[in-house]
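# Analysis of the macromolecular model
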Amino acid sequence: MPLVAGVDSSTQSSKVVVRDAETGALVRSGRAAHPDGTSVDPRHWWDALQSAIQEAGGLDDVEAVSVGGQQHGMVALDASGEVVRDALLWNDTRSAGAALDLIDELGGPQAWADAVGSVPVASLTVTKLRWLRDAEPDNAARVAAVALPHDWLTWRLSGAAGLDTLVTDRSDASGTGYWSPVDEGYRRDLLELALGHDAQLPRVLGPSESGLRSSAGALLGPGAGDNAAAALALGLGPGDVAVSIGTSGVVSAISSAPTADGSGLVTGFADATGAFLPLACTLNASRVLDAAARMLGVDHAGLSSLALSAPAGAEGLVLVPYLEGERTPNKPDATGALHGIRLANTTPAHLARAAVEGMLCALADGLDALKAQGVDVRRLFLVGGGAQSQAVREIAPSVFGLPVHVPTPGEYVADGAARQAAWLLSGAAEPPAWSAAAAAEVHEAPATPEVREQYAAVRELTGVRPA
Ligand SMILES: Nc1ncnc2c1ncn2[C@@H]1O[C@H](COP(=O)(O)OP(=O)(O)O)[C@@H](O)[C@H]1O
Ligand SMILES: O=C(CO)[C@@H](O)[C@H](O)COP(=O)(O)O
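All chains use their own residue numbering, which begins from 1 and follows the written sequence. Just so you know, chain letters begin at A and ligand numbers begin at 1, following the order they were written in. Only residues with pLDDT of 70 or above have their local features reported here, since the model is predicted, and side-chain atom pairs are shown and tallied only from 80 upward, although totals for entire chains, interfaces and linings are computed over all residues. As a rule here, side-chain values come from all non-hydrogen atoms in the structure, and water together with hydrogens is ignored.

If you look the chain up in an unreviewed UniProt entry, it shows as Xylulose kinase from Cellulomonas edaphi. UniProt positions are given in the numbering used here, feature names are shortened, and annotations may be inferred rather than shown by experiment. Listed in UniProt under the heading Catalytic activity (unreviewed entry), the comment for the chain reads: "D-xylulose + ATP = D-xylulose 5-phosphate + ADP + H(+)". Listed under Sequence similarities (unreviewed entry) in UniProt, the entry text for the chain is "Belongs to the FGGY kinase family."

What follows is the structure, encoded as structure tokens:
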């Protein structure tokens, strides 16, 4: 049985799955943690990947490998292929001012949405390059190539022969802010507008095109941004929406046409099959649960039981979860806030409930933004580390007003990358018919519009991070 491997180099860790290329059966897996922080030396990802591969029993018997990963991170390389500075990650907000400058210079938000499908916010690579030009001009001048986390790891797996061997895929290229999903090509003028000069960019491979081989001889796939990889693993089709609760909170859907939302709430990305992946992304998801558990001195299971023991709406207690600032809506300097505190609702259970509901309400706003772009929403899948919370699974259907399908807990980004690897190995026109979504457990609950209404009433009343 031929084996394939998929990698997820996510914000918090590296995960590797080895699967049977024909059936998709899981054979081995491994994982290793990444350091904390929003500015990270990419070598840590490489080291974590090596540990995860070792834990997964190595890749010597694997015939094809694809890498999925956190999107947007700026990996700036000099002419000799060395990293110029620590990578700025998708959740680093220092380039929020650069985003505003770029929007002005191109003629406003809609001009960007029309050009590249998305309005720049601090998360997008293009704004990080502008920040580099302004804040670290010597480093900017040394930049000979710009890659994303998954491109850089694919390149390292291939032996990193030269900058001209860098490859990427449509899904991750579409998150840079200098690749057009309409023309399927780079907008080098926008790269230059940001960085101040041209640079080598990874060649964009088709969804099942193999660009390189690993040093051990395995085929290397184009890889994908994490959300596109998860959609490929889930086998999402029209009418399906994925809600991922990882470090980021993501609501995404497959679309046959690109979107161009000038409000900036929906980013118009491409997917990993040749279609499109309109997406709304928050900076505050699983770590809101981590923080609430920490505040209450309980573990995740404890937080979940507390949340489920309080009534819907937590008797008026509302947590606005902008703990890391926010991206959707664009409030990079916001802080979180707790509203409606009364004697009756000052219990651990109410606070736990408010944390789960606040995090989900922000994602439900993202779902509304997708619907406003004409996205058809019939089935909703819940994935990511936060989907392991029973409270999240049970409260989500009432906040979203839809049944929620929770696939068997797993590493869906790594699985999507593995499915891509199996696809290119097969040489077939379509990806192999592995099906994760079929095994989903379905949660249903009556809708609680009042929970969203009380959240909407205070959503704008947040604090601002001190300068
Ligand atoms: N049972 C659980 N309940 C709530 N959150 C959980 C649970 N298990 C893991 N998590 C959280 O999920 C997150 C990791 O999920 P993951 O999707 O791997 O994140 P990322 O892709 O951003 O690295 C962590 O913040 C972790 O605390
Ligand atoms: O920025 C986005 C999507 O636009 C995030 O989804 C990142 O791709 C990071 O994902 P996680 O590591 O949190 O899953």
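## Details of the environment of Pro-42
Each helix is a run of H or I in the DSSP string that is no shorter than four residues. Each strand is a run of E no shorter than two, and both are numbered from the N terminus. Positionally, Pro-42 belongs in the loop between strand 4 (39-40) and helix 1 (43-55). Buried means the residue's accessible area, taken with a 1.4 Å probe over protein chains only, is under 20% of the maximum for its type, while exposed means over 50%, and partly exposed covers the values in between. Taking relative accessible area as the criterion, Pro-42 reaches 0% and is therefore assigned buried. Along the primary structure Pro-42 and Gly-268 are separated by 226 residues, whereas in three dimensions their C-alpha atoms are 27 Å apart.

## Comments concerning the site of ligand 1
By nearness alone, 15 residues border ligand 1, and Ser-10, Lys-15, Thr-247, Ser-286 and Asp-290 come closest of all. Whenever a nitrogen or oxygen atom comes within 3.5 Å of another N or O atom, the pair is scored as a polar contact, on the condition that within protein one atom can donate a hydrogen and the other can accept it, and that pairs from neighbouring residues in sequence are kept only if both atoms are in side chains. One nitrogen or oxygen atom from the main chain of Gln-12 is found 3.0 Å from an oxygen atom belonging to ligand 1. A 1.4 Å probe and the Shrake-Rupley method give the accessible areas. Residues count as covered only by the protein chains that appear here. Against a free-state accessible area of 580 Å², the protein chains account for coverage of 80% of ligand 1. Of the pockets mapped on this structure, ligand 1 occupies the largest pocket. The class makeup of the residues in the shell around ligand 1 is one nonpolar, 12 polar and two charged. Whether a residue is near a molecule or strand is decided by its heavy atoms; if any one of them lies within 4 Å of it, the residue is near. Here a cavity is any set of points on a 1 Å grid over the protein atoms alone where a 1.4 Å probe fits but cannot get out, and a pocket is any open set with protein on both sides within 12 Å along at least 5 of 7 lines; a residue lines the site when it has an atom within 4 Å of a point. In this scheme, a molecule is assigned to a cavity or pocket if more than half of its atoms are within 2 Å of the grid points. Classification convention: Asp, Glu, Lys, Arg as charged; Ala, Val, Leu, Ile, Met, Phe, Trp, Tyr, Cys, Pro as nonpolar; all other residues, Gly among them, as polar.

## Quick look at the site of ligand 2
Around ligand 2 lies a shell of 15 residues, among which Thr-11, Gln-71, His-72, Asp-226 and Arg-327 are the nearest. Note that an oxygen atom of ligand 2 is positioned 2.8 Å from one of the backbone N or O atoms of Gln-71. In this structure, an oxygen atom belonging to ligand 2 sits 2.8 Å away from a main-chain N or O atom of Ser-248. With the chains in place, 94% of the 370 Å² that ligand 2 exposes on its own is no longer accessible. More than half of the atoms belonging to ligand 2 lie within 2 Å of the grid points that define the largest cavity. At the level of elements, helix 9 (226-234) and strand 19 (276-282) are the ones that each hand at least two residues to the shell around ligand 2. Counted by class, the shell around ligand 2 contains five nonpolar, eight polar and two charged residues.

## Looking at the pattern of salt bridges
In the sections that follow, a salt bridge refers to a side-chain nitrogen of Lys or Arg positioned within 4 Å of a carboxyl oxygen of Asp or Glu. Considering all chains together, one arrives at 27 salt bridges under this definition. As a salt-bridge pair, Arg-28 and Asp-61 come within 3.0 Å of each other at their nearest N and O atoms. Highlighted residues: Arg-28 in strand 3 (residues 26-33) and Asp-61 in the loop between helix 1 and strand 5 (62-69), separated in sequence by 33 residues. Take Arg-28: its relative accessible area is 21%, and that puts it in the partly exposed class. With a shortest N-O distance of 2.7 Å, Asp-189 and Arg-187 are connected by a salt bridge. Given a relative accessible area of 43%, Asp-189 falls into the partly exposed group. Each of the salt bridges in this network shares a partner with another, and the network as a whole consists of Asp-8, Lys-15, Arg-31 and Glu-411.

## A closer look at the UniProt feature "active site" (unreviewed entry) in the chain
Mapped onto this structure's residue numbering, the UniProt feature "active site" (unreviewed entry) falls at Asp-226. Assignment of secondary structure puts Asp-226 in helix 9. Residues within four places of Asp-226 in sequence aside, it is in contact with Asp-8, Gly-69, Gln-70, Gln-71 and Val-413. Residue contacts follow a heavy-atom distance rule, with two residues in contact if any of their heavy atoms lie within 4.5 Å.

## Notes on the sheet that holds strand 17 (residues 249-253)
Two strands in a sheet stick together by hydrogen bonds in their backbones, pointing the same way (parallel) or opposite ways (antiparallel). One bridge is not enough; two strands pair if DSSP finds at least two bridges between them. Read from one edge to the other, the open sheet built from seven strands follows the order 18-19-17-16-23-24-25, with strand pairing classed as mixed. Each edge of the sheet is formed by a strand with only one pairing partner; in this case those strands are strand 18 (267-270) and strand 25 (441-443). Each neighbouring strand pair of the sheet contributes to a mean axis angle of 30 degrees, computed without reference to strand direction. Direction of pairing for strand 24 (residues 404-406) relative to strand 25: antiparallel, over a ladder of three bridges. The residue bridging Val-404 from the neighbouring strand is His-443, located in strand 25. On the sheet, helix 13 (residues 390-400) packs against strand 16 (239-245), strand 23 (377-383), strand 24 and strand 25 and is oriented at approximately 55 degrees with respect to strand 25. Every axis corresponds to a line fitted to the C-alpha atoms, with the helix fit spanning only the stretch in contact, and the corresponding angles, defined between N-to-C directions, vary from 0 to 180 degrees.

## What about the packing of helix 2 (residues 96-106) against helix 4 (residues 125-135)?
The geometry of helix 2 relative to helix 4 is characterised by a closest axis approach of 8 Å and an angle of 105 degrees between their N-to-C directions. Relative to helix 4, the element helix 2 is oriented roughly perpendicular. Contacts from Ala-98, Ala-99, Asp-101, Leu-102 and Glu-105 of helix 2 reach helix 4 at Val-126, Thr-127, Arg-130 and Trp-131. Classifying every residue of the contact of helix 2 with helix 4 by side-chain character gives five nonpolar, one polar and three charged. Each angle receives one of four descriptions, namely roughly parallel if under 35 degrees, roughly antiparallel if over 145, roughly perpendicular if within 65 to 115, and oblique otherwise.

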